[in-house]
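Here is how the chains run, residue by residue.
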Amino acid sequence: MFKKILIANRGEIAVRIIRACREMGILTVAVCSEADKDALHAQLADETICIGAPMAKDSYLNMESIISATLVSGAEAIHPGFGFLSENSKFVKMCQQCNITFIGPSAQTIDKMGNKSEARNTMIQAGVPVVPGTKEPIYEASVGLERAREIGYPIMIKASSGGGGKGMRIAESEEEFLEKFETAQREALNGFGDDTMYLERCIRNPRHVEIQILADQYGNTIYLGERDCSIQRRHQKMIEESPSCAIDEELRKKMGEAAVKGAKAANYYSAGTIEFLLDQNNEFYFMEMNTRIQVEHPVTEMVTGIDLIKEQIKIAAGEKLTIAQEDVKIQGHAIECRINAEDPDKNFMPCPGTVNYIHFPGGKGIRVDSALYAGYTIPPYYDSMVAKLIVHDETRELAIQKMRSALGELIVQGVKTNLDYQYEILNDNEYVQGNVDTGFIERFQKRFEEME
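Residues numbered from 1 in each chain as written. Predicted model: local features only at pLDDT ≥ 70, side-chain atom pairs only at ≥ 80, totals over all residues. Heavy atoms only, no water.

Q: Would you take a moment to explain the overall build of the chain for this structure?
A: A tally of regular secondary structure across the chain gives 15 helices and 22 strands. In terms of C-alpha radius of gyration, the chain reaches 21 Å, essentially the compact-globule figure of 22 Å for 452 residues. Counting only C-alpha atoms and orienting by the principal axes, one finds that the chain spans roughly 60 × 55 × 45 Å. Looking at the 452 residues of the chain, the share that counts as buried comes to 58%. Across the chain, contacts joining residues at least 24 apart in sequence account for 65% of those joining residues at least 6 apart. Surface accessibility of the chain: about 18,900 Å² in total, with carbon and sulfur atoms responsible for 46%. For the chain, the separation between the mean place of its 50 positive charges and that of its 67 negative charges on side chains is 2 Å. (Helix = DSSP H or I, 4+ residues; strand = E, 2+ residues; numbered from the N terminus. Rg over C-alpha atoms; globule rule 2.2 N^0.38 Å. Buried < 20%, exposed > 50% of the residue type's maximum accessible area, 1.4 Å probe, protein only. Contact = heavy atoms within 4.5 Å. Areas by Shrake-Rupley, 256 points an atom, 1.4 Å probe, with all protein chains shown as cover. Lys, Arg positive; Asp, Glu negative; His and termini not counted. Charge placed at Lys NZ, Arg CZ, Asp CG, Glu CD.)

Q: It is not clear to me how the packing of aromatic side chains should be interpreted in this structure. Could you clarify?
A: Within a pair of aromatic rings, the relevant descriptors are the distance that separates the centres and the angle that separates the planes. By the definition in use, this model includes 10 aromatic pairs. With a centroid separation of 5.6 Å and 80° between ring planes, the pair formed by Y60 and Y382 is classed as edge-to-face. Taken together, the positions of Y60 in the loop between β3 (47–52) and α3 (63–73) and Y382 in the loop between β20 (377–378) and β21 (385–393) put the pair 322 residues apart, joining distant regions of the chain. Look at Y60 and you get buried, because its relative accessible area is 0%. (Phe/Tyr/Trp six-rings, centres within 6.5 Å; stacked < 30°, edge-to-face > 60°.)

Q: Before we go on, may I ask you to explain the nonpolar core in this structure?
A: Side chains of nonpolar character tend, in soluble globular proteins, to be buried together. Of all hydrophobic cores here, the largest spans 36 residues; its most connected members are I231, I239, I425 and Y431. The set of elements that each furnish at least two residues to this core consists of β11 (236–242), β14 (333–340), β21, α12 (396–409), α13 (419–426) and α15 (440–451). With five residues, the single largest contributor to this core is α12. Every residue in contact with I239, bar those within four places of it in the chain, is listed here: D228, C229, I231, I335, E336, C337, Q422, I425, L426 and Y431. Grouped together as the second largest cluster of nonpolar side chains are 31 residues, A30, A77, I306 and I315 included. (Core = buried A, V, L, I, M, F, W, Y, C linked by side-chain atoms within 4.5 Å.)

Q: Please explain the state of the cysteines as it appears in this structure.
A: In a disulfide, the sulfur atoms of two cysteines are held together by a covalent bond. A complete count under the given rule lists zero disulfides for this structure. Cysteine C21 remains unbridged, with the sulfur of C95 as its closest cysteine sulfur at 15 Å. On the basis of relative accessibility, which here comes to 0%, the residue C21 falls in the buried class. (Disulfide = S-S within 2.5 Å.)

Q: When you look at the sheet that holds strand β4 (residues 77–79) in this model, what are you seeing that I'm missing?
A: To summarise the sheet geometry, strands pair through backbone hydrogen bonds and adopt either a parallel or an antiparallel arrangement. With parallel pairing, the five strands of this open sheet are ordered in space as β3-β2-β1-β4-β5. Either end of the sheet is taken by a strand with one partner, and the two such strands are β3 and β5 (101–102). The sheet contact formed by strand β2 (residues 27–33) and β3 spans five bridges and is parallel. Of the residues in β3, the one forming a bridge with C32 is C50. With respect to the sheet, α3 is in contact with β1 (4–7), β2, β3 and β4, its orientation differing from that of β3 by roughly 150°. (Pairing = 2+ DSSP bridges. Axes fitted to C-alpha atoms, helices over the stretch in contact; angles between N-to-C directions.)

Q: How should I be thinking about the environment of R186 in this particular structure?
A: The residue R186 is located in helix α8 (residues 174–192) in this model. Each C-alpha atom, one on R186 and one on G332, is 45 Å from the other, the two residues being 146 residues apart in sequence.

Q: Explain the side chain of D36 here, please?
A: As for its position among the elements, D36 is in the loop between β2 and α2 (40–44). Overall, the relative accessible area of 0% leaves D36 in the buried class. Within polar-contact distance, the side chain of D36 engages the side chain of R10 at 2.7 Å. Setting aside residues no more than four positions away along its own chain, D36 makes contact with R10, H41, A42, Y60, Y376, P379 and Y382. (Polar contact = N/O pair within 3.5 Å; in protein donor to acceptor, adjacent residues only side chain to side chain.)

Q: Is there a simple way to explain unusual backbone geometry in this structure?
A: Working note: non-glycine residues mostly have negative phi, and peptide bonds are mostly trans. In this chain, Y153 is followed by P154 through a cis amide linkage whose omega measures -5°. With respect to the element layout, P154 can be found in the loop between α7 (141–151) and β6 (155–163). The linkage connecting S242 with the following residue, P243, adopts the cis geometry, with an omega of -5°. Even without being glycine, N267 reaches a positive phi, approximately 55°. Relative to the elements of secondary structure, N267 occurs in the loop between α9 (249–265) and β12 (270–278). For N267, a relative accessible area of 55% puts it in the exposed group.

This is the structure:
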């Protein structure tokens, strides 16, 4: 097992990894930007190294500085968390060259799953259902137009290297296609340096359901149930649940086994997620694979009792999985709300600033993952998520009640947050009845504005 791990991240995920390492008796090294010298992760780690200026490109995305910090500190491994360099194959190769263990999959697997076209083809070969679409990459709008006629409208135009909704457009008709394709391709080139595109039939308002997998380096792969991540705003998740109220044991097994097949086809090891679209006929289709730990991993931990960060570390250290598929039991229901420093009344504008007072809820089945504390100044340079509130109870109904109570008890003063907005969702009749899909927020927003 590793003696010392460097955490190449910040915020609540860095704190989460530090706590897992402490429980395993592993020393930790935090890296921080100049803006994060007073951040909680920088205070909790055994060592802290400042790696650059506030902007992410000068610090948390600065591969050379992070590798240097690892070598200077004597850390044997790097945990990348999520975001930043967590899915950067070049960084993984640099770690290899410096005899540093990257806590995650291989560079080859990251490349294979990071390219949407190649990932899709890998799943087709593995027998995993995919949305009807193109098999070959598309570079010319005119070629895309011909393929779109074959697939049918509405059609989803996607960047092969995209993510987070960037480089993505829906064309409702042939008249819209050329403009939408060129816009998405331009966005992909500017955002990812890659203008490779592909097309998929657009499935209207599906559920977004993902399967958590764990795989070791010896071919053992298991699935840990699903998370329903359908409540999204502009392709960014807001609330996640496990299990999904739309899935029964038979469908869970079917989706789980498909995810395992896909992971094995990608030669995957570590914790990872296969994301599916679930249509109204309960047919599911591969969307993408996330080759890292997910923001929403706590809901899976709550319903399975398995610590995913610790499992990641053990797998990276060369240990075999000690959990068999039959050992995985889904107990109760968990919900996670992402708390962002943003103003819903001003189009969710980020609201950095100083936290004057904070109170976190407590009690059985309530968990808060956060790096906030009273007096902390949220910097303007990074993602606006400042906390994750997670609850667990015996049923979905009880979990919803508990989340309402916890949201009501959570107090953050000094900055605007989306707390009230999340509370309104938890009280929305459509949400309570489980009638959620990726179009939920658009419908809810209209009801929310009417309430005001």
